[in-house]
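What follows is each chain in one-letter form.
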Amino acid sequence: MNHDNGSTNHDGKHAPHWKKHICRTEHVPIQVQDDRTGMDIETLKRAFLDNLYYIQAKDKGWATAHDFFMALSYTVRDRLLHRWLKTVEQTYFQKDVKVVCYLSAEYLIGPQLSKNLTNVGMYEQARQVVRESAGLDLYDLLEQEDEPGLGNGGLGRLAACFLDSLSTLEIPAIGYGIRYEYGIFQQTIRNGTQVEVPDRWLRFGNPWEIPRPDYTVEVKFGGHTEAYTDERGRYQVRWIPQKTILGTPYDIPMVGYNTNTVNTLRLWSAKASEDFNLQIFNSGDFANAVADKVYSENITKVLYPNDNNYQGRELRLMQEYFFVSCSLQDIIRTYLRSHNNFDQFPNKCAIQINDTHPAIGIAELMRLLLDVHQLGWDEAWDITQKAFGFTNHTLLPEALERWPISVFGRLLPRHLEIIFEINQRFLDGVRSQFPGDDGKLSRLSLIEEGAEKQVRMAHLACVGSHAINGVAALHTELVKNNLFPDFYQVFPQKFSNKTNGVTPRRWMLIANPKLALLITEKIGKGWIKNLEELKQLEAFVEDEDFRNRWQQIKQDNKQDLAEYILQTTGIHVDANSLFDIQVKRLHEYKRQHLNLLRVITFYNYIKQNPNADVVPRTAIFAGKAAPGYAMAKLIIQLINSVGNVVNNDPDIGDRLKVVFLPNYNVSVAERIYPSADLSEQISTAGKEASGTSNMKFAMNGALTIGTLDGANIEIRDRVGHENFFLFGMNTAEVLQKKAQGYHPWDYYNSNPQLKQAIDQIASGYFSKGDSNLFKPLVESLKNRDDYMLFADYQSYIECQQRVDEAYRDRDTWWRKSILNSARTGYFSSDRTICEYARDIWQVQPIPITLEDEQEENAAIQLKAPLSKL
Ligand SMILES: *Cc1c(COP(=O)(O)O)cnc(C)c1O
C-alpha cells in the first residue's frame, strides 16, 4: 500500500504540511503513516524492527526478549493511537457527549500486551511477526511484561474489568487514578513465610503510557482560609495553602474488544512544583531543597498494601486528595472547553467513586465550584449531588474510612469547613423530618463524636451522591438494613444493587484459549460480547464427545498448572487429582484457615486409614497478606508448614498435596482459574461483599463449594442448586449466634476431629515441635473465633465429602462443570456496566466510525474472526 498522504513518509519524498498543523482553529485530519497503522505482515515486521532500532536502540543481535517485548508493544500502541484520538478528540469532544468519569484509587489491569492483541484482533499476526523477524515465540515476549500492580485485589480488578466493558460497549468513559511508582509488593516465600519485595514495575519503562505534561495541574495542601467579600458583595473564601504540588497525567489506552473505541485510563503522578523553593536553592541549601522535592513526589510513590482494611495514615489522605483534585480539575477543564457555565455539568459527566477512597471529591467539587468558579452554595450542591454516584465495597467496620478532624483540618482546612457546612444543612433537614430524634442525628452525622472527632467518609459519600450501590444482592440488602439503615430511611430512592461481573475477554478468551475455541466451535463467537449466549452450551451436555473434549481441556490446563507449580515451588502434584483452589487476599474473614483445617482432617483420615480409597486432592492456595497483618501472615506460614509435612509423608503419597503459589497477581490468576475443579468461596456469611473470583472460576467450569455470602448466592441460583456445594450458616444465623453469645470452646470440645486438628497445630506437629509459633492463631480461634470457623467446621467437612462423592462420578461432574459455565452469562461485567449506564449514569453507547479507506481496511482486518486463537 502506498498512500500519498502528504506528510513525511519513510523515504522522505513528501514535505510535511506543517502549516496546517499549527492552525488550531480548524480540524485537520492527521494523515497516518502506513508503518504505524498497516496490518499486513510485511508492514508489521518492518514496524516491529523499526521500533526495536529507533525506540529501544537495539539491533536484532543485541536485543533481549524484553527489548522485543517493548518493540512489539510500541507496534501495537501505534495501531491504537489513531482510534484513540478519533475516540476522545474527534468524537467525545466534538459531539459533546456525556462521559463516565470513574474515580478509583486502584486499577489492577494486568498485562496489557495480551489484552491489546486480543481486543484488537492481531494476536495471530503478532505471533507470526515475532517468529519470522526475531525467531521467538510470542509467548516468551508476553512473559516479559511487568504487570501494573496498581491495586490490592477485588476492588482494583473490578475497576479494570469495568474499563474493558466500557470500551467494548462503546460507552464514553475515562478512568482516573494514581500512577504509583511502586505497586502492590512482590510476594516471595522464604522458609514458609511471606517476604515483601518492592514492585519496581517502571524500572524498564512502561510502553503503554503517554505522559501529558501539558495537562499538569496544581494541588494545594495545608495552610489556612480567609473570608472576603467580592466586588459583587458576596461572601467568598480563599484558601492560602502551605504547599502546592503538581500532578502530571500519564494516559494508558483502553481498547474495547472488536470496537474502534479506545477510552483513556489517566493516572496522576506527583511532581514538585517548579518554583518550589527557589529561595532555598538560592540561599545555597541545595540538599534541603531537593529533600523537599522528594517529599512532594512521595505522594504517588507507593500503593498502600491493605485490602479491606483502613490505616489512618496522613500520606494516604494526601494520595486520595491529590488524585481526586487532579481529576476534578481535569474534568472541569475538559467540560469548559465546550461550555461557558455549569448548567450542563451533570448532563455531561457522571462521576462514580469506587468505594470511599475518592469521597473527598464531593467536598473538592464543591470547593472548585464555590471558590474557583464562584457558584452559589445551592447551585453547587445540586450539581455535585447529581454528578456523583457511590459504590460501597465492604461491610467490615475496620475498612470504613474515618479521618481525625485534626489531621483533616491541617491538610485540607477549606474542605473541613465545607464538610461542616454540608453536615449542618443535611442535619437541619433530618431534624425537620425526624423531630426530637437526637440518636438519629448523631448516627447520620458526617462527624463522629468521641475522644477525637472524625470525618466519616462513607457518610460524606452517601449525602453527596444521587446513587448508592452495593455489589451483590445480599450485600446491598445489608448496606441498606445493617450498614446505613438511617441513610436508607432518609433517602430510600438512592439505593440500588449492581452485582459485580468480570470481563470474559480477560478471564476466558485470554486465560483459557482452548476452552474459548471449543465454545466458539459449538456456538459461534457471539458469547465473547454477549456472555448470555453461553446458555447454548446446555444443548451439548448430553453429547459425550463434547463432554470428553471439555474434560480434556480441563486436564490440559491442570497439566500446565502442575508444571508451573513444579517450577515455582518444587512440588510435584498429580494432574489427575482434584484441583481444589482458594486464591484471594489472605484475610481471616475469607477463612483460608477453615480450608486448612479440612486439609489437616483429611490428612489425619488417611493416616488413620492407610488403605482407604480416597479421592486424591491437590489443595492450592495463593494470595498476599497485608505486610502489617500478622495473623494473615501466620496463616500463610501455617499453609506452608502443613504442606511441608503432608507433601513429604510417604504414607500420603499422591493422595494429598498442599501448595502455596507465591505472588498471586493477574498473570498468576490467568493460569489458575482455567485449571480448577473446585472453587473455594468459604467466607463467613455476611462478610464478603461480592467476590469476583467465584465468577471467574465458575465461568471456566469449576464447581463451587461456598457459603451463602456475596455473589455466591446469585451464582448458586443461576447454575442450579444441584450444581453448587453449599455449607455453613447463613447471615441471619451468624448474627443470631453472635447475639446469643458464641462459644468456640463448645465446638472444640465436642468435635474430636476438630480438636485433633487444632491440637496438632498447637503442639508443633507441623512446626518441628515449636508449640509457640501458631499460638496466636490457636488462641484466637479457641477464645474468640470472630469468623466462626468452628461453628461451620462440621458442615464444611460433610460438604467436602459430598464433593468427593460427586467427583467419583466423573460423567456427572463434567455435566455440572459445563452447566456452571453455560449459566454464568449474567456475571459478565458487560451486564454490570449496562446496569450502571442505565440506572445511575444515564449514558449511551457512542460508536466510533472510521472514515478513510486505509482505516476501513485496518478495521476489517482487525475484525478477522478469532484469529488470536
Ligand atoms: C479476581 C481477583 C481478585 C478477587 O478475588 P476474590 O476471591 O473475589 O477476593 C483478587 N486478585 C486478583 C489478582 C484477581 O484476579
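As the structure is a computational prediction, the values presented were derived from the model and not from experiment. (Residues numbered from 1 in each chain as written. Predicted model: local features only at pLDDT ≥ 70, side-chain atom pairs only at ≥ 80, totals over all residues. Heavy atoms only, no water.)

1. Some remarks on the overall build of the protein
Part 1 of the reasoning: Scanning the protein for helices and strands turns up 36 helices and 23 strands.
Part 2 of the reasoning: Considered along the principal axes of its C-alpha atoms, the protein spans approximately 85 × 75 × 60 Å.
Part 3 of the reasoning: Residues counted as buried form 61% of the 869 residues belonging to the protein. (Helix = DSSP H or I, 4+ residues; strand = E, 2+ residues; numbered from the N terminus. Buried < 20%, exposed > 50% of the residue type's maximum accessible area, 1.4 Å probe, protein only.)

2. What to know about the UniProt feature "modified residue: N6-(pyridoxal phosphate)lysine" (unreviewed entry) in the protein
Part 1 of the reasoning: Per the UniProt record, the feature "modified residue: N6-(pyridoxal phosphate)lysine" (unreviewed entry) sits at Lys696.
Part 2 of the reasoning: Mapped onto the elements of the fold, lysine 696 is located in helix α27 (residues 693-699).
Part 3 of the reasoning: Using a relative accessible area of 5% as the deciding quantity, one classes lysine 696 as buried.
Part 4 of the reasoning: Of the polar contacts made by the side chain of lysine 696, one reaches the side chain of tyrosine 673; its length is 3.2 Å. (UniProt positions renumbered as here; feature names shortened; annotations may be inferred. Polar contact = N/O pair within 3.5 Å; in protein donor to acceptor, adjacent residues only side chain to side chain.)

3. Observations concerning empty space enclosed by the protein
Part 1 of the reasoning: One pass over the structure, following the stated rule, counts 9 cavities of 30 Å³ or more.
Part 2 of the reasoning: When residues of the lining of the largest cavity are traced back to their parent elements, those giving at least two are α8 (154-168), α26 (666-672) and α27.
Part 3 of the reasoning: Looking at the lining of the largest cavity element by element, the count peaks at 4 residues for α8. (1 Å grid on protein atoms, 1.4 Å probe; cavity = no way out; pocket = protein on both sides within 12 Å on 5 of 7 lines; lining within 4 Å. Points joined across faces, edges and corners; volume = space filled by probe spheres on them.)

4. A short note on unusual backbone geometry
Leaving glycine out, the prevailing phi sign among residues is negative, and the prevailing peptide bond configuration is trans.
Part 1 of the reasoning: Phi at alanine 57 takes a positive value of approximately 55°, unusual for a residue other than glycine.
Part 2 of the reasoning: Residue alanine 57 is classed as exposed on the basis of its relative accessible area of 60%.

5. Focus on the site of the ligand
Part 1 of the reasoning: In the region of the ligand, 15 residues are neighbours, and Lys584, Lys590, Thr692, Ser693 and Lys696 sit closest.
Part 2 of the reasoning: Within the contact set of the ligand, an oxygen atom lies 2.6 Å away from a side-chain nitrogen or oxygen of lysine 696.
Part 3 of the reasoning: Mapping the ligand onto the cavity grids shows that it belongs to the largest cavity.
Part 4 of the reasoning: For the shell around the ligand, the elements supplying multiple residues, two or more each, are α26 and α27. (Near = heavy atom within 4 Å. Sits in = over half its atoms within 2 Å of the grid points.)

6. Observations concerning the nonpolar core
In a soluble, globular protein the nonpolar side chains are often hidden away together inside.
Part 1 of the reasoning: Counting 148 residues, the largest nonpolar core has Phe221, Phe322, Phe345, Ile351, Phe408 and Trp841 as the members making the most contacts within it.
Part 2 of the reasoning: Residue contributions to this core peak at 11 residues, all from helix α11 (residues 314-337).
Part 3 of the reasoning: When neighbours within four sequence positions are excluded, isoleucine 351 is seen to be in contact with Cys101, Leu103, Leu328, Ile331, Phe345, Ala387, Phe388 and Gly389.
Part 4 of the reasoning: Counting residues in each nonpolar core, the second largest holds 124 residues, with Leu561, Ile635, Phe697 and Met788 among its members. (Core = buried A, V, L, I, M, F, W, Y, C linked by side-chain atoms within 4.5 Å. Contact = heavy atoms within 4.5 Å.)

7. Section: the sheet that holds strand β13 (residues 402-404)
Part 1 of the reasoning: Read from one edge to the other, the open sheet built from 3 strands follows the order β13-β15-β14, with strand pairing classed as antiparallel. In this open sheet, the two strands that pair with only one neighbour each are β13 and β14 (447-448).
Part 2 of the reasoning: Pairing between β14 and strand β15 (residues 454-456): 2 bridges, direction antiparallel. Note that in β15 the partner of glutamate 448 across the bridge is glutamine 454. (Pairing = 2+ DSSP bridges.)

8. A word on the pattern of salt bridges
Part 1 of the reasoning: This model, assessed by the stated rule, comprises 58 salt bridges.
Part 2 of the reasoning: Its salt-bridge partner being aspartate 651, residue lysine 607 comes within 3.0 Å of it at the nearest N-O pair. With lysine 607 in helix α24 (residues 592-608) and aspartate 651 in the loop between α25 (630-647) and β20 (656-661), the pair connects residues that are 44 residues apart, well separated along the chain.
Part 3 of the reasoning: Judged by its relative accessible area of 44%, aspartate 651 falls in the partly exposed class. (Salt bridge = Lys/Arg side-chain N within 4 Å of Asp/Glu carboxyl O.)

9. Observations concerning the side chain of asparagine 663
Part 1 of the reasoning: Mapped onto the fold, asparagine 663 is located in the loop between β20 and α26.
Part 2 of the reasoning: A distance of 2.9 Å separates polar atoms of two side chains, one belonging to asparagine 663 and the other to glutamine 186.
Part 3 of the reasoning: Of the polar contacts made by the side chain of asparagine 663, one reaches the side chain of lysine 624; its length is 3.2 Å.
Part 4 of the reasoning: Once residues lying within four places of it in the same chain are set aside, the contact partners of asparagine 663 are Phe185, Gln186, Gln187, Lys624 and Val668.

10. Looking at the layout of surface pockets
Part 1 of the reasoning: Roughly 1,400 Å³ of internal volume is contained in the second largest pocket.
Part 2 of the reasoning: If you trace the second largest pocket, you find 47 residues lining it, with Tyr139, Glu143, Ser667, Glu670 and Arg671 closest to the centre.
Part 3 of the reasoning: Of all the secondary structure elements, the ones that give two or more residues to the lining of the second largest pocket are α5 (112-120), α6 (123-134), α7 (138-142), α21 (504-510), α22 (513-523), α23 (544-569) and α26.
Part 4 of the reasoning: With 7 residues, α23 is the largest single contributor of residues to the lining of the second largest pocket.
Part 5 of the reasoning: Residues belonging to the lining of the second largest pocket are distributed by class as follows: 19 nonpolar, 14 polar and 14 charged. (Nonpolar A, V, L, I, M, F, W, Y, C, P; charged D, E, K, R; others polar.)

11. Digging into α8
Given 3.6 residues to a turn, an α-helix orients residues that are three or four positions apart in the same direction.
Part 1 of the reasoning: For α8, built from 15 residues, the straight-helix expectation of 21 Å at 1.5 Å per residue is met to within 8% by its first-to-last C-alpha distance of 21 Å.
Part 2 of the reasoning: Counting buried positions along α8 yields 14 of 15 residues, so the element is predominantly enclosed.
Part 3 of the reasoning: Immediately beyond the C-terminal end of α8, within one or two residues, lies glutamate 170, with a positive phi of roughly 60°. (Expected span 1.5 Å × (residues − 1).)

12. A closer look at the packing of α8 against helix α35 (residues 829-841)
Part 1 of the reasoning: Their axes nearest at 9 Å, the elements α8 and α35 cross at an angle of 75°. As the angle between them shows, α8 and α35 are arranged roughly perpendicular. Contacts from Cys161, Phe162, Ser165 and Leu166 of α8 reach α35 at Ser829, Asp830, Thr832, Ile833, Tyr836 and Trp841.
Part 2 of the reasoning: Of the residues that constitute the contact of α8 with α35, the class distribution is 6 nonpolar, 3 polar and 1 charged. (Axes fitted to C-alpha atoms, helices over the stretch in contact; angles between N-to-C directions. Parallel < 35°, antiparallel > 145°, perpendicular 65-115°, else oblique.)

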